[in-house]
Amino acid sequence: MDRPYTEIQVLKKLDIPDFRHLTKDKVIAFATMIPGMEPEVAKKALEQFPNFVSTSLEIMKEYRGILEQLMNDDRDGAEICYNMYNRVMNSLECILENDNLTFKEKTYILEQMREVADEISKKDSEKSANRIKLIGIVSGVVAGVITVLGTAIGVNLTSKQNNIPGDDEEENH
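All values reported here derive from a predicted model rather than from experimental measurement.

Scoring rules and cut-offs
Residues numbered from 1 in each chain as written. Predicted model: local features only at pLDDT ≥ 70, side-chain atom pairs only at ≥ 80, totals over all residues. Heavy atoms only, no water. Salt bridge = Lys/Arg side-chain N within 4 Å of Asp/Glu carboxyl O. Helix = DSSP H or I, 4+ residues; strand = E, 2+ residues; numbered from the N terminus. Buried < 20%, exposed > 50% of the residue type's maximum accessible area, 1.4 Å probe, protein only. Arc of directions from axis to C-beta. Polar contact = N/O pair within 3.5 Å; in protein donor to acceptor, adjacent residues only side chain to side chain. Contact = heavy atoms within 4.5 Å. pLDDT = per-residue confidence, 0-100.

## With respect to the pattern of salt bridges
Then, number 1: Considering all chains together, one arrives at four salt bridges under this definition.
Then, number 2: Between Arg 114 and Glu 111 there is a salt bridge; the shortest N-O distance is 2.4 Å. Linking Arg 114 with Glu 111, this pair stays in helix α5 (residues 103-162), spanning three residues, or about one helical turn.
Then, number 3: Residue Arg 114 is classed as partly exposed on the basis of its relative accessible area, which comes to 41%.

Rendered as structure tokens:
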């Protein structure tokens, strides 16, 4: 980024007339912009949106709920799939126990069982890959919000430190 965002640019990107109109659904967009803002702009915005921290934490709780729901849905879907694979394997095992089968028929059934086992392995790989993607996405969001919260708290602390009574008198002496 060449230059930090000005107040006008931030307001335009968020499509709001001023920072008092910063809504919960725009907090994440705002949060991602903070590192690229002029420090005065970030300070002004955070002063006009005092519940930024609580709103950010509320959004994080919502993300956590979404993640838990996705994990539960994934678990339910995988369980159904594994039950189906198990039934197929059990059926093939029962057929394989038939002594009247030819060597070719037994080989075919064993091949079918291997294919089912391969499908189970693929399902496990997909499940792991999806879990890693979800964790990566959520980790990125969490890291972003933590960074923004740290920045917000830092801006607030700096603002409060700069307004300590008596500092001006000491500087003039």
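## Some points on helix α2 (residues 24-33)
Then, number 1: What α2 keeps buried is the set Val 27, Phe 30, Ala 31 and Met 33. When α2 is viewed along its axis, its buried side chains cluster within an angular range of 150 degrees and face the same direction. Residues Asp 25 and Thr 32 are exposed on α2 and point more than 90 degrees away from its buried face.

## Brief notes about the side chain of Asp 18
Then, number 1: Among the secondary structure elements, Asp 18 is positioned in the loop between α1 (7-14) and α2.
Then, number 2: Asp 18 sits in the buried class, given a relative accessible area of 17%.
Then, number 3: For Asp 18, the side chain forms a polar contact with the main-chain nitrogen of Arg 20, separated by 3.0 Å.
Then, number 4: Sequence-distant contacts of Asp 18, defined by excluding residues within four places in its chain, comprise Leu 11 and Gln 48.

## A word on the confidence of the model for the protein
Then, number 1: When the pLDDT values of the protein are averaged, the result is 74; 77% of them are 70 or greater.
Then, number 2: For the protein, helix α6 (residues 167-172) is the element with the lowest average pLDDT, namely 49, and α1 is the one with the highest, namely 88.
Then, number 3: Across residues 156-160, confidence stays below pLDDT 50; counting only partners more than four residues off in sequence or on other chains, it has three contacts.
Then, number 4: Every residue in residues 167-171 scores below 50 in pLDDT, and together they form one contact with partners more than four places removed in sequence or on other chains.

## Considerations on α1
Then, number 1: Burial in α1 covers these residues: Val 10, Leu 11 and Leu 14. Each buried residue of α1 lies within a common arc of 95 degrees when the element is viewed along its axis, so the set occupies one face. Summarising the geometry of α1, the exposed residues directed more than 90 degrees from the buried face are Ile 8, Lys 12 and Lys 13.
Then, number 2: Buried positions along α1 lie against α2 and α3 (39-48).
Then, number 3: Backbone geometry just after α1 places Asp 15 at a positive phi near 55 degrees.

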